[in-house]
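Below are the chains, spelled out letter by letter.
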Amino acid sequence: MRPDFTVMTERIVRPVPHRIIPIADARRDRALPAAGGHHAGSDGPVDTLGRHLHDLRISVTDRCNFRCTYCMPKDVFDKNYQFLPHKDLLSFEEIERVARIFIGLGTQKIRITGGEPLLRRNVERLIEMLARIDDRIDITLTTNGSLLARKAQSLFDAGLKRVTVSLDSLDDPTFQAMNDAEFPVERVLQGIEAAAAVGLRPIKINAVVKRGVNDHTIVPMARHFKGSGHIVRFIEFMDVGASNGWRMDDVVPSAEVVRQINEKMPLAPIDPSYEGEVAARWWYQDGSGEIGVISSVTQAFCSTCTRLRLSTEGKLYTCLFASSGYDFRSLLRGGATDAEIAAQVAAVWRGRGDRYSEIRTAATAGLRKIEMSYIGG
Ligand code: SAM
Ligand code: SF4
Ligand code: SF4
C-alpha cells in the first residue's frame, strides 16, 4: 500500500513575531466565570466547540536540569531566574483533590509533567495517591529521562502505567546542543531501557525537530527504535512561550519527516488509537512497529483537544497557548467544597473556545504566552 501524503498537506502559516513578555505579567489570573451546578452522572462538561474534558496535565515543578533551547533557553532561564518558591506549589494532597474532582467530571487520563517531573521530591508518592483514586485512569508521565534509570522501578511500583521520554537525537553533539546541559544520549537510553524492563510499556519517545539542528538525524532515530516496540513521535517545533525565538523557518513540517522516513523504510497511515490523539500514526509496512508525528503547526488538532492544564502553582489553563489562567489554588486553600470547585471547573470548561493552533496568524501575535516549563508540556 502506498502512503497517503494527502492527509499531510502542509498549511501555510504566517510567522508569529518573537516578543518577550515579563513572566510575572504573563502569569496574571483570569476571573473565574459564574459557576452553575454540575450534575454528577452526566458525561461531563462540553466546551463551546463541542469538546469534552477528558485529559488533565499536571505540572509538578517549573524547574528542570536541562536547558533545551526550544523550551528553557539559558539566556532567559539563567541563575537569576525566579522559579516558584516551594510554598506556592500545590501539595500532593491538593493535587490529589483536584484529580479526584476532575475524574468526577469525566477525566480519563492524567499526565504528570513539568519542568522535569522527576525532580519533584518523592513524586512516586503522588503517583501512588493518584493511582489509588481509580485504577481505570490512565496515568502517564513525561520526562527528559535523566533520572529514569534510577527511578523506573519505584515509579512502576507506585502505579505508573506508561512513560513518555523526550530524546531529540541519537547523535551526541546534536542532542547536547539541544539540551544545553551536556547531558549524553547514552544515559537517556539507559533510562528508556530501565523503564521498559520494569514494565512501563509501550514507551513513547518525543523528539522535537528543528530545521538545521536535528533534521539530519530523523532517519537514524526512526531506524534505531524500529522493531523495539517503542514509538518515536516527531514533534513540530512550536511557538510556545515567549523566550524560544520561534520562527516558522525553523519548523520542519511533519509531512517532510514522514517523507524522509518513508524513502528508507516504507510507511502507511493508520487510524488513531483513540479520539483526540495528538499524534498522527504511521506504521512500517514490514510490520515492525510505528511512528507518530505531532503537527501542531502545520496540521492543528484543536477540534479534538480535550485537555486542561494545571500549572505548578494551581492555575488552570484551557490551552497551551493561553495568556492567563484561573487561580484554583485560592479555591483549594480558601475553604471551597469539592462540589463548588467541580462547578467552577465545569464553568471554565463550558466557556472554553480555544483553538490557537488553528488560527495562528499575525492576529494572535500580540498575545501573551506562558512558558511551557511552567504550564506543563
Ligand atoms: N521535562 C520533560 C520532558 O522534556 O519530557 C517534561 C516537560 S516538557 C515541557 C514536555 C514536552 O514538551 C517534551 O517532549 C518537549 O520536547 C516538548 N516541548 C518543549 N518545548 C517545545 C516546543 N517549543 N515545541 C515543541 N515541543 C516542545
Ligand atoms: Fe526541561 Fe523538558 Fe523543557 Fe527540556 S523540554 S528544558 S527537559 S522541561
Ligand atoms: Fe488544544 Fe490549544 Fe493546542 Fe489547540 S492550541 S490543540 S486548543 S492546547
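What counts, and where the lines are drawn
Residues numbered from 1 in each chain as written. Chains lettered and ligands numbered in written order. Predicted model: local features only at pLDDT ≥ 70, side-chain atom pairs only at ≥ 80, totals over all residues. Heavy atoms only, no water. Helix = DSSP H or I, 4+ residues; strand = E, 2+ residues; numbered from the N terminus. Buried < 20%, exposed > 50% of the residue type's maximum accessible area, 1.4 Å probe, protein only. Near = heavy atom within 4 Å. Polar contact = N/O pair within 3.5 Å; in protein donor to acceptor, adjacent residues only side chain to side chain. Areas by Shrake-Rupley, 256 points an atom, 1.4 Å probe, with all protein chains shown as cover. Nonpolar A, V, L, I, M, F, W, Y, C, P; charged D, E, K, R; others polar. Axes fitted to C-alpha atoms, helices over the stretch in contact; angles between N-to-C directions. Parallel < 35°, antiparallel > 145°, perpendicular 65-115°, else oblique. Left-handed = near helix turned anticlockwise from the far one by under 90°. Contact = heavy atoms within 4.5 Å. Phe/Tyr/Trp six-rings, centres within 6.5 Å; stacked < 30°, edge-to-face > 60°. Lys NZ or Arg CZ within 6 Å of the ring centre and 35° of its normal.

A. Structural context of the overall build of the chain. Across its full length, the chain holds 12 helices and 13 strands. The buried share of the chain, reckoned over its 377 residues, is 58%.

B. Molecular detail of the site of ligand 1. Near ligand 1 there are 20 residues, and of these Tyr-70, Gly-115, Ser-166, Asn-206 and Met-238 occur at the shortest range. Between a nitrogen atom of ligand 1 and a main-chain N or O atom of Gly-115, the distance comes to 3.0 Å. Here an oxygen atom of ligand 1 and a side-chain polar atom of Asn-206 are 3.2 Å apart. Its free accessible area being 540 Å², ligand 1 has 95% of it covered by the protein chains. Those elements that provide at least two residues to the shell around ligand 1 are β4 (138-143), β6 (204-209) and β7 (231-236). Class assignment of the residues belonging to the shell around ligand 1 gives a composition of 8 nonpolar, 10 polar and 2 charged.

C. Representation of the packing of helix α4 (residues 148-158) against helix α6 (residues 185-198). At a minimum axis separation of 8 Å, α4 and α6 run at an interaxial angle of 20°. Compared by their axis directions, α4 and α6 come out roughly parallel. Of the two possible hands of crossing, α4 and α6 adopt the one that is right-handed. From α4, Leu-148, Ala-149, Ala-152, Gln-153 and Phe-156 reach across to α6, where they touch Gln-190, Gly-191, Ile-192, Ala-194, Ala-195 and Val-198. Classifying every residue of the contact of α4 with α6 gives 8 nonpolar, 3 polar and no charged.

D. Examining the packing of aromatic side chains more closely. Counted by the stated rule, this structure contains 7 aromatic pairs. Judged by centre distance (6.3 Å) and plane angle (75°), the rings of Phe-66 and Phe-175 are edge-to-face. Note that Phe-66 is positioned in the loop between β2 (55-59) and α2 (92-104) and Phe-175 in helix α5 (residues 172-179), a separation of 109 residues in sequence. In this structure, Phe-66 and Phe-175 share a single accessibility class: buried. Cluster of aromatic residues (ring-pair linked, three or more members): Phe-66, Phe-175 and Phe-183. Positioned above the aromatic ring of Phe-237, the side-chain terminus of Lys-210 is 4.8 Å from the ring centre.

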